[in-house]
Amino acid sequence: MAPVANPDQTLLPNTVELDLTGMTCAACANRIERKLNRLDGVEASVNYATERARVRFDVPSTPKSDAQDDDAQARFISTLISTVESVGYGAVVADRLAPPVDRTEALRRRLIIAIVGGAIVLALSMVSVLQFPGWQWVALVVATPVATWAAWPFHRAMAMNLRHRQATMDTLISVGVSAAYLWSLWAILFTATGDIGMKMPMSLSGALTWGDQNGHGVGHDGGMAESMPHIYLEVASTVVAFLLAGRYFEARAKQRAGDALRALIDLGAKEVWVIDAEGIERQIPVEDLSVGDRFVVRPGEKIATDGTVIEGASAVDISLITGESLPVEVAPGSPVIGATVNSGGAVSGGRLIVEATRIGADTQLAQMARLVEEAQSGKAPVQRLADRVSAVFVPVVILIALGTVTVWLLVTGDLQRSFAASVAVLIIACPCALGLATPTALLVGTGRGAQMGILIKGPQVLESTRRVDTIVLDKTGTVTTGTMSVAVVEPALGVETNELLTLAGALEAASEHPIARAIVIAARAEAVTLPAVSEFVNQPGVGVAGVVNGRRLRITRASTTSADLQPGHTGVELWEDATEGARSLGVIAVADPIKDSSAAAIAVMRTLGLTPVLLSGDREATARHVAAQVGITDVRAEVMPADKVAAIQALQTAGAVVAMVGDGVNDAAALAQADLGIAMGSGTDVAIEASDLTLVRDDLMAAADAIRLSRRTLSTIKGNLFWAFAYNTAAIPLATLGLLSPVIAGGAMAFSSVFVVTNSLRLKRFY
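Conventions used here
- Residues numbered from 1 in each chain as written.
- Predicted model: local features only at pLDDT ≥ 70, side-chain atom pairs only at ≥ 80, totals over all residues.
- Heavy atoms only, no water.
- Helix = DSSP H or I, 4+ residues; strand = E, 2+ residues; numbered from the N terminus.
- Buried < 20%, exposed > 50% of the residue type's maximum accessible area, 1.4 Å probe, protein only.
- Contact = heavy atoms within 4.5 Å.
- Areas by Shrake-Rupley, 256 points an atom, 1.4 Å probe, with all protein chains shown as cover.
- Core = buried A, V, L, I, M, F, W, Y, C linked by side-chain atoms within 4.5 Å.
- Phe/Tyr/Trp six-rings, centres within 6.5 Å; stacked < 30°, edge-to-face > 60°.
- Lys NZ or Arg CZ within 6 Å of the ring centre and 35° of its normal.
- Pairing = 2+ DSSP bridges.
- Axes fitted to C-alpha atoms, helices over the stretch in contact; angles between N-to-C directions.
- pLDDT = per-residue confidence, 0-100.
- Parallel < 35°, antiparallel > 145°, perpendicular 65-115°, else oblique.
- Nonpolar A, V, L, I, M, F, W, Y, C, P; charged D, E, K, R; others polar.

Participant: Give a detailed account of the overall build of the protein chain, specifying residues and quantitative values.
Facilitator: Regarding its fold elements, the protein chain presents 24 helices and 28 strands. The burial tally for the protein chain puts 53% of its 767 residues in the buried class. For the protein chain, contacts bridging at least 24 residues in sequence account for 69% of all contacts bridging at least 6. For the protein chain, the exposed surface amounts to about 32,500 Å²; the carbon and sulfur share of it is 59%.

So this is what it looks like as structure tokens:
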């Protein structure tokens, strides 16, 4: 909202999601979005496919109390809802935990009436042998509820559009159906068309016939009724049936498209057995869990929330979260993810005791659901183009329809054929498929990605994956497992192996780097306890420093002259800084095995047209040894974190469009600099936050899958848009030339929407 004079006011950033009702087309979504965005401090995005609005807004409030802040937010949310209602739609605050509302039931009832009534009217109108005396009156009675009650959603939307001086595809449908029905009503009531015994032959082509070849109607006595008006009750009823069928199947398909996200949200456990202070187990709702609580997970049960195993050993099935097919062995100290399943194990019977580390919205499952929802609520650049086109498309079509009836009248003087051609233009041109082309594909694609352990942060990412031609890979934790172990310990002269490991382990105990963890594990195997470290300093890409037992120590990367390191080994050197100068205490070498899937993943990346580049802070020999094993020829080693950004910039300057895959804090800047940042889900929160794609599966093949899925989703969107545009481009000229019956136009228009949604649903089978 606009700033006010009070200088003590601050702005509270807020986000709310609204479930919307009453939308019938993409233009409705555009109208709501524009109306919300006119409010000060509001940034809204409305998604027609999910029927949801994501609104970010700022509420001015004084820092008196949290209650006042909450009241201000509640009042502004009410303002948002009122704004939506002011343009004729409904809105409520979305509840992700509530069961999905079945919005197909009302459509189903109207569709049944339209199908039954439309079939009767179509048969009477098209089959001469069924045209008993007075058939046109029966057809009028049957068509009336179809053209009014069944078609009410279209008429209501048109009335709403008129109130706002706007036109949408519903305007085209309502005008076409109303014109056909009212023309027929007038003809039956006030002309000889209503005579008992009248017959009406008709073809499905644009050239409608009436009576004999001269266009004369056939009266009840077999004579000719000059210029008897044609009736279009079959248009007024069957078109409604076709369009309602299209919307019904579209609504069902949209519900199916959101199944992946709903399934993701529903994965979590509902109840959990916690261990209280007396060691007694009791069952509570998972919402009552707190960080630090200990809970029991028996074989076959879901893990209630993210945590750390403190007792027991088992195998955990993480396929629901990461897509990884093989269970992962866990033991005391192992992290576990909420919603994964304890598959059981031989040790301790598979029973686990877990300490909760993250709950509620902070869990990995909740973060996944939030990322997927945000991606589905956004708009890709191609969708924004479609929105601009649809905004001017309907008025243009109405002008074309008016021009069609005018030209036909001037050229032929035949009012009936002019009317039929104009109605066909109105019906065939409805751009429903255009509005569905992007959101349905995005909905299905991001949902399928979540099932595979691939989180796409936003629709703009899809465009980036199409342009990427170079993929830069961090070595440790990306190409390799990141789980290092000490391979060689070379103490300096006068230093014992145990002393070297103990001092290095004590210093590295404060670091989270994979090399540090390997050294700490080896040191704890040699020493009962490690001494404490003080004045600890972490220098990313350089090393660590601190004071242990009064000795000022630092660990740096080992120089090529300090040890005879083997290919694939990474060495660090422990130094002691004393008054007489720095002294090397020895070198420790660690090895990091390559992930089983890395070589195959890089081969797939090459088939996608990507040039792999290995970027590492390790020494040249180690980096090249790893690169040779996985098939990478472009290696850039001994690169500091700041230099990683420079390396990305150098590739971009040379004309490359760069994707970066990394997992550590030292990769965050490079991930942000790259045209497409891909974070391994096993990495740090900083790296994940800086990325565009997050791979929950700790597998480099997931990076290749993510690019393939993103490109497939984008190609599906473009295919949908192409067919939607091509359909209208080809069909409108046919209708203006009188070569397309309004009945066929209605069926073809409904089919186009169903085609677009069905084409998008093919992404559910992506693998």
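Participant: Could you give me a rundown of unusual backbone geometry, with the residues and numbers involved?
Facilitator: At Ala 339, a position not held by glycine, the phi torsion is positive, near 85 degrees. Residue Glu 535 is not a glycine yet carries a positive backbone phi of 55 degrees. Of note, Glu 535 is situated in strand β19 (residues 533-539).

Participant: If you had to explain the environment of Asp 414 to someone new, which residues and values would you point to?
Facilitator: Of note, Asp 414 is situated in the loop between α11 (381-412) and α12 (415-428). When near neighbours in sequence (up to four residues on either side) are disregarded, Asp 414 contacts Trp 408 and Leu 409.

Participant: Lay out the nonpolar core with the relevant residues and their values.
Facilitator: Most often, soluble globular proteins keep nonpolar side chains buried together rather than apart. Judged by nonpolar contacts, the single largest core of 50 residues is most densely connected at Leu 473 and Leu 700. Ranked by residues supplied to this core, first place goes to helix α23 (residues 700-736) with 11 residues. Not counting residues within four places of it along the chain, the set of residues in contact with Leu 473 comprises Val 479, Ile 602, Met 605, Val 613, Leu 614, Leu 615, Ile 632, Val 661 and Leu 700.

Participant: Break down the packing of aromatic side chains for me, with residues and values.
Facilitator: This structure, assessed with the given rule, holds four aromatic pairs. Where Phe 57 meets Phe 76, the ring centres are 5.0 Å apart and the plane angle is 25 degrees; that geometry is what we call stacked. Separated by 19 residues along the polypeptide, Phe 57 in strand β3 (residues 52-61) and Phe 76 in helix α2 (residues 66-86) bring together distant segments of the chain. One exposure class covers both Phe 57 and Phe 76, and it is buried. A network of ring pairs unites the aromatic residues Phe 722, Trp 723 and Phe 755 as a single cluster. Between the NZ or CZ atom of Arg 298 and the centre of the ring of Trp 273, over which it lies, the distance is 5.6 Å.

Participant: Can you break down the sheet that holds strand β18 (residues 485-491) residue by residue, with the values?
Facilitator: The strand order across the open sheet built from six strands is β18-β23-β22-β21-β20-β19, with neighbouring strands paired in antiparallel fashion. Of all strands in the sheet, those with a lone pairing partner are β18 and β19, marking the two edges. Between one strand axis and the next, the sheet turns by 20 degrees as a mean value, whatever way the strands run. Pairing analysis gives five bridges linking β19 to strand β20 (residues 543-548), with the strands arranged antiparallel.

Participant: Let's hear about the pairing of strand β21 (residues 551-557): which residues, and what values?
Facilitator: The side chains of a regular strand alternate, residue by residue, between the two faces of the sheet. In this sheet, β21 lies alongside β20 in antiparallel orientation, the contact comprising six bridges. When the bridges of β21 are listed, Gly 543 appears paired with Thr 556. Linking β20 to β21, which pair antiparallel, is a turn of two residues; within it Asn 549 sits at a positive phi near 55 degrees. Here five bridges tie β21 to strand β22 (residues 569-578), and the two strands are oriented antiparallel to one another. Each residue of the ladder has a partner; that of Arg 557, found in β22, is Val 572.

Participant: Give a detailed account of the confidence of the model for the protein chain, specifying residues and quantitative values.
Facilitator: Per-residue confidence for the protein chain averages 76 on the pLDDT scale, and 75% of its residues sit at or above 70. For the protein chain, the element scoring lowest by mean pLDDT is strand β6 (residues 224-225), at 38; helix α4 (residues 135-150) scores highest, at 93. Confidence over residues 1-12 falls short of pLDDT 50; this stretch has 24 contacts with residues more than four positions distant or in other chains. Long-range and interchain partners of residues 203-227, a stretch whose pLDDT sits below 50, account for 52 contacts in this model, where long-range means more than four residues apart.

Participant: Could you give an account of the packing of α4 against helix α5 (residues 152-163), naming the residues involved and the relevant values?
Facilitator: Between α4 and α5, whose axes approach to 5 Å, the crossing angle comes to 45 degrees. Viewed along their axes, α4 and α5 adopt a mutual orientation that is oblique. Contact with α4, carried on its side by Ala 147, Thr 148, Trp 149 and Ala 150, involves Trp 152, Pro 153 and His 155 of α5 and no other residues of that element. Considered class by class, the residues forming the contact of α4 with α5 number five nonpolar, two polar and no charged.

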